[in-house]
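# Residue-level structural notes
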Protein chains: 2
Amino acid sequence: MRLAVVGAGAVGRAVADLASEYDHVVTAMADSSSAAVDPDGLDVEAVLREKSEEDRVGTLDADAALDAEYDVLVEATPTTLDDAEPGYGHAVAALDRDRHVVLANKGPVAERYDDLRARERESAGQVLFEATVAGAIPALSTVDDLGPDHVTAVRGVLNGTANFILTRMAAEGLDYEHVLAEAQDLGVAEADPAFDVDGTDAALKCVILANVLYDGGYTLDDAGVQGIRDVPGEALELAAEDGRTIRLIGSVEDGAVRVGPRLVPEHGTLAVTGTRNIVQLETEHAGRLNISGRGAGGPETATAVLGDVGRLPPLDEV
Amino acid sequence: MRLAVVGAGAVGRAVADLASEYDHVVTAMADSSSAAVDPDGLDVEAVLREKSEEDRVGTLDADAALDAEYDVLVEATPTTLDDAEPGYGHAVAALDRDRHVVLANKGPVAERYDDLRARERESAGQVLFEATVAGAIPALSTVDDLGPDHVTAVRGVLNGTANFILTRMAAEGLDYEHVLAEAQDLGVAEADPAFDVDGTDAALKCVILANVLYDGGYTLDDAGVQGIRDVPGEALELAAEDGRTIRLIGSVEDGAVRVGPRLVPEHGTLAVTGTRNIVQLETEHAGRLNISGRGAGGPETATAVLGDVGRLPPLDEV
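Computed from a prediction, not measured in an experiment: that's the story for all the values here. (Residues numbered from 1 in each chain as written. Chains lettered and ligands numbered in written order. Predicted model: local features only at pLDDT ≥ 70, side-chain atom pairs only at ≥ 80, totals over all residues.)

### As for the nonpolar core
Val15 and Met29 of chain A together with Val15 and Met29 of chain B are the most contacted members of the largest nonpolar core, which has 214 residues in total. With residues up to four places along the chain from it excluded, the contact list for Met29 of chain B reads Val5, Ala8, Ala16, Ala35, Ala36, Leu42, Val47, Val57 and Ala65 of chain B. (Core = buried A, V, L, I, M, F, W, Y, C linked by C-beta atoms within 7 Å. Buried ≥ 20, exposed ≤ 12 C-beta atoms within 10 Å, placed from the backbone. Contact = placed C-beta atoms within 7 Å.)

Here's what the structure looks like:
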């Protein structure tokens, strides 16, 4: 497949870097202010070097990537809320040209799922978005294989930053503020950690799962969200005395989307440690499935993107 | 899709029972000595009642199912070794008619993988076999999504009977023979438990994984296999003193297929309890993925079969 990669953060760069290993060609790449295009395939190494040295991917306007020759648009710009722009517009531009879209950007599938599916129905292209839920963990493809109607609930640890903080608080008996500073030093938490520690990121993933399970209708406004800022170190100590610990658990069950700190068994399946994520699927006929792995990171998320690309039919067959 | 279900054990019966929930029609069903065929779709409930009451699925010869109208042959007869008959012959009969084959029977993909793939190449039909490795756990589809070249190793607990026995031995401080008798009473172990406790079943699953990872070339003869009969209760006690326990671990790594009792951390990811299975994939770019769930059972395995059926292209598009 010929890929146009829009967004040159860790995920976009990793997609471009790994594409050739999966026998794909990158014909266009864009960051927020520039683009590089070559219908015969970009010299990805040179483009990534230019990004690193000059903070641009090429000399063209960013929009040039959207107009380039490609089969699949990989949308890897930062997640935005509400109108989910510019990611949503990028996806629509590809669908309007009867091209496929693979999203790493959570905004369009969390905030404008119904709009996006409506545009997909009018297109010969398809939309896939495995990378938006828990990075390398094959959550959506497993739901798809089981059939959404046969999945009765989803629960999980869906944010590595919050999980790292809770794990360290429990292990070291430290308070939230101490551990946050440590996580920021390690690069596990952002300077502004709100998106992760307030539960927004986990909630977006749950909203996406709800849209898949219930065929749309959900946005972030439909989620009940509580973060981890107010979890006292003492709560973790008390939990430990009882063989339990606290995790930021997201759930989609009986039509409700919720994220919040929950008591879980200390050595139980949901108590993954550090930055790991876990997705737990309750199924109608096959019991409970647990899938754990790396929920973030450039190559990890790029692997999910490239898995989606591999699942798409060639466009001449569409 | 129109399904011909060959084999009327727990898995075959569950596939027939659940097919309509996945919008498929069962046009033929066979056990070892009889068949029922209806090109418009069998009354599955009546067929299963006849199986239960009369120990036959219909009044036709068993071979009639192979000659029926169908899109997908579901091969769910008991696993056999060496020539893998009659399962292998059933699969070839379907491929020769340019039909798809979905296997729950491990024999053909463990013992005659290369032969089967050669026949598939000459057919318009495809062969899928998710159900042969760890029941409901989506091991093969995840390998397929990652790309076999990008999976560097697979490890796992792949036999629920052996895992139940080891779990009970550790929890109760009992010897193998005591727990085996209990497992037989509970129906978790067969009267002749050799296939499970000697590691053969786990080894077949590893051989199938090796064939997928390395594009064929493996049979059971290539696996180094040790079972759990000789694990003394004391070994589990000693392991527990050190925070560890023993599990029957199968692995495919660096071209080698091995099954045997191994020390693992007591609360670690591989130490699943009871009859649960786990598959651990080491990937080149996405770190380690763990998938745990029910590795056996009629509806659980049927779910994997029906997931495969859903992945197959309509035959008129082939």
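### Brief notes about the interface of chain B and chain A
On the chain A side, the residues contacting the 28 residues of chain B number 27 residues. Listed by contribution, the elements that provide at least two residues to the side of chain B that touches chain A are helix 6 (139–146), strand 12 (288–294) and helix 12 (298–311) of chain B. For the side of chain B that touches chain A, the element with the highest residue contribution is strand 12 of chain B, accounting for seven residues. A per-class count over the side of chain B that touches chain A returns eleven nonpolar, 13 polar and four charged. By the bridge criterion, three bridges tie strand 12 (residues 288–294) of chain A to strand 12 of chain B in an arrangement that is antiparallel. By the bridge assignment for strand 12 of chain B, Ser292 of chain A is matched with Asn290 of chain B. (Helix = DSSP H or I, 4+ residues; strand = E, 2+ residues; numbered from the N terminus. Nonpolar A, V, L, I, M, F, W, Y, C, P; charged D, E, K, R; others polar. Pairing = 2+ DSSP bridges.)

### Some details on the pairing of strand 1 (residues 2–6) of chain B
All names here are of chain B. Buried residues dominate strand 1, accounting for four of its five residues. Where strand 1 and strand 2 (residues 25–30) come together, five bridges link them in parallel fashion. Looking at strand 2, one finds that Leu3 is bridged to Val26. As a crossover connection, the stretch from strand 1 through helix 1 (residues 10–18) into strand 2 is right-handed. With four bridges connecting them, strand 1 and strand 4 (residues 72–75) associate as parallel partners. Bridge pairing in strand 4 links Leu3 to Val72. (Right-handed = clockwise from strand over helix to strand, strands pointing away.)

### Describing the sheet that holds strand 6 (residues 127–128) of chain B
Ordered in space as 3-2-1-4-5-6 (chain B), the six strands form an open sheet in which the pairing is mixed. Strand pairing shows two members of the sheet lacking a second neighbour, strand 3 (35–37) and strand 6 of chain B, which therefore form its edges.

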